Amino acid sequence: MTRRASRQASPPAPLKVDTLRTRDGHRVSFTVAGAADGVPVVVLHGGPGSGSQPGALRLFDLTRFRVVMIDQRGTGASTPHGSVRHNRTDRLIEDIEAIRVRLGVQRWGVLGGSWGAALALAYAGRHPHSVTGVVMRGLFLTSLREVRGLFVTARKHAPRAWAQLCTAAHCDRPAALLARCHERLQRDGDAKEATQHALALAWRGYENAVLASADSRRSHSPARTSRRDVRKLVGKYRIQAHYLMHRCWLGETRLLALARHAAAAGVPLAAVHGSRDPVCPPGNLRRLARAVPAAHVECVRAGHLASDPRLHERVAHALATMFLPTAHEGRVLRRAA
């Protein structure tokens, strides 16, 4: 064997799906992709409630990374789907740590986007000795200010879709919209199914319209949705309302304290944020930088989603820079579809 060949990375292994059974009745699904001897990184999805997105794998060179994507409780392939029972941030953190131990990973990097970025900071703050670094995209700080921004202030970006959401929630006061959505999305028997379906579709319509306001290329035309897909949407927004009503059991002050604790323990932090993000305010980047001066922060001309080409490029670069010591400039990065 030549010296050069001995340094080549193992080829990517096929996707492997596994399940963590918790003591409180959840089955947490997770997928492992990439090289068996690659640099381990766990991916934490947004929402809350969205489930893992396969497109996240395009951020990684899978011949050099070992990527673990977790469907948080009640999301994606995790069951019971849409359940809010025993579903809160501290339990999600326990699940992440249990999966790390299950996989035999001593320490791993963390990638989180939006709500996933907040969860990444919370996890790193609670278990800094399990984390080699954190990369964030579109940081959400779990503040009342941000929640109000989403349900009240952001209506200026999508007034028609916002009005449709209010109608579906039977709400005539903007400040009460989240609470009404939360109330109506809880499981109340089959009689409430049609109401929940209409509300979930209206929430998705509003969310898509707000996201499209930052990207003229993004279509927000209503798509045909199967009954099964609508049930998934109900579960997604039931979990999201559950978390947002409780400020994700964090809040900005506590979350930034956890970020400081992680940094003080030697965990490097990097955040990339879109200057035109209509969901998570770009000012969140400044708040993180003030709380953790050592954090590497970057604001790019982009919106909120990782599929934005500029965000995709800079997040992929941040991952390679933080976790691959031999990464070099000018690598060809695969774009998100």
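1. Structural notes on the overall build of the protein chain
Part 1 of the reasoning: Counting its secondary structure elements, the protein chain contains 11 helices and eight strands.
Part 2 of the reasoning: Burial status across the protein chain gives 52% buried among its 337 residues.
Part 3 of the reasoning: For the protein chain, the proportion of contacts with a sequence separation of at least 24, taken over those separated by at least 6, is 72%.
Part 4 of the reasoning: A total of about 16100 Å² of accessible surface is found on the protein chain, and carbon and sulfur atoms cover 51% of it.

2. Here's the deal with helix 2 (residues 89-103)
Part 1 of the reasoning: The terminal C-alpha atoms of helix 2, which comprises 15 residues, lie 21 Å apart, in line with the 21 Å expected from a rise of 1.5 Å per residue.
Part 2 of the reasoning: Listed as buried for helix 2 are T89, L92, I93, D95, I96, E97, I99, R100 and L103.

3. Points about the pairing of strand 6 (residues 131-137)
Part 1 of the reasoning: Across the seven residues of strand 6, six count as buried, placing the element largely inside the fold.
Part 2 of the reasoning: Sheet topology note: the strand 5 (residues 108-113)/strand 6 ladder contains six bridges and is parallel. By the bridge assignment for strand 6, V110 is matched with V134.
Part 3 of the reasoning: Where strand 6 lies against strand 7 (residues 269-274), four bridges are found, and the strand directions are parallel. Counterpart to M136 in the pairing with strand 7 is A271.

4. Some words on empty space enclosed by the protein
Part 1 of the reasoning: In this structure the tally under the stated criterion is one cavity of 30 Å³ or more.
Part 2 of the reasoning: Of the pockets and cavities examined, the largest cavity occupies roughly 40 Å³.
Part 3 of the reasoning: Per-element accounting of the lining of the largest cavity gives the leading share, three residues, to helix 2.
Part 4 of the reasoning: For the lining of the largest cavity, a count of residues per class yields six nonpolar, one polar and one charged.

5. So, helix 9 (residues 252-264)
Part 1 of the reasoning: Between its terminal C-alpha atoms helix 9 stretches 18 Å, which fits the 18 Å expected from 13 residues at 1.5 Å a residue.
Part 2 of the reasoning: Three or more residues of helix 9 are buried, namely E252, L255, L256, L258, A259 and A262. Along the axis of helix 9, the buried positions cluster into a sector of 155 degrees, meaning they face one direction only. Helix 9 presents T253 and A264 as exposed residues on the side facing more than 90 degrees away from its buried surface.
Part 3 of the reasoning: The inward-facing, buried residues of helix 9 abut helix 3 (115-126), helix 4 (144-151), strand 7 and helix 10 (283-291).
Part 4 of the reasoning: Looking at the residues trailing helix 9, positive phi occurs at G266, about 100 degrees.

6. Concerning the packing of aromatic side chains
Aromatic ring pairs are reported here in terms of the distance separating the ring centres and the angle at which the planes meet.
Part 1 of the reasoning: Applying the stated criterion across every chain yields a total of five aromatic pairs.
Part 2 of the reasoning: With a centroid separation of 5.5 Å and an interplanar angle of 75 degrees, the aromatic rings of F151 and W203 are classed as edge-to-face. With F151 in helix 4 and W203 in helix 7 (residues 193-212), this pair connects stretches of sequence that are 52 residues apart. Both residues of the pair, F151 and W203, count as buried.
Part 3 of the reasoning: With centroids separated by 5.1 Å and ring planes inclined at 85 degrees, the aromatic side chains of Y243 and W249 adopt a geometry described as edge-to-face. In this pair, the class of Y243 matches that of W249, namely buried.

7. Here's the deal with the packing of helix 5 (residues 159-169) against helix 7
Describing two packed helices takes the angle between their axes plus the distance from one axis to the other.
Part 1 of the reasoning: Contact pair helix 5 / helix 7: the axes reach a minimum separation of 8 Å and the direction vectors enclose 160 degrees. Of the possible angle classes, the one that applies to helix 5 and helix 7 is roughly antiparallel. Once helix 5 is placed against helix 7, the crossing between them reads as left-handed. Two secondary-structure elements touch here, helix 5 through A161, W162, Q164, L165, A168 and A169 and helix 7 through A198, L199, A202, W203, G205, Y206 and A209.
Part 2 of the reasoning: Residues that form the contact of helix 5 with helix 7 fall into these classes: 11 nonpolar, two polar and no charged.

8. Side note on unusual backbone geometry
Part 1 of the reasoning: Look at the link from G47 to P48: it is a cis peptide, with omega at -5 degrees.
Part 2 of the reasoning: Relative to the helices and strands, P48 resides in the loop between strand 3 (39-44) and strand 4 (65-70).
Part 3 of the reasoning: Cis peptide bonds are those with omega within 30 degrees of zero, and the linkage from T79 to P80 qualifies with -5 degrees.
Part 4 of the reasoning: Structurally, P80 can be placed in the loop between strand 4 and helix 2.
Part 5 of the reasoning: Positive phi is not limited to glycine here, since H86 has a value of about 50 degrees.
Part 6 of the reasoning: Overall, H86 belongs to the partly exposed group, its relative accessible area being 30%.
Part 7 of the reasoning: The backbone of R247 shows a phi angle near 50 degrees, a positive value even though the residue is not glycine.
Part 8 of the reasoning: Residue position: R247 is located in the loop between helix 8 (227-245) and helix 9.
Part 9 of the reasoning: With relative accessibility at 37%, the residue R247 sits in the partly exposed group.

Criteria and thresholds
Residues numbered from 1 in each chain as written. Predicted model: local features only at pLDDT ≥ 70, side-chain atom pairs only at ≥ 80, totals over all residues. Heavy atoms only, no water. Helix = DSSP H or I, 4+ residues; strand = E, 2+ residues; numbered from the N terminus. Buried < 20%, exposed > 50% of the residue type's maximum accessible area, 1.4 Å probe, protein only. Contact = heavy atoms within 4.5 Å. Areas by Shrake-Rupley, 256 points an atom, 1.4 Å probe, with all protein chains shown as cover. Expected span 1.5 Å × (residues − 1). Pairing = 2+ DSSP bridges. 1 Å grid on protein atoms, 1.4 Å probe; cavity = no way out; pocket = protein on both sides within 12 Å on 5 of 7 lines; lining within 4 Å. Points joined across faces, edges and corners; volume = space filled by probe spheres on them. Nonpolar A, V, L, I, M, F, W, Y, C, P; charged D, E, K, R; others polar. Arc of directions from axis to C-beta. Phe/Tyr/Trp six-rings, centres within 6.5 Å; stacked < 30°, edge-to-face > 60°. Axes fitted to C-alpha atoms, helices over the stretch in contact; angles between N-to-C directions. Parallel < 35°, antiparallel > 145°, perpendicular 65-115°, else oblique. Left-handed = near helix turned anticlockwise from the far one by under 90°.

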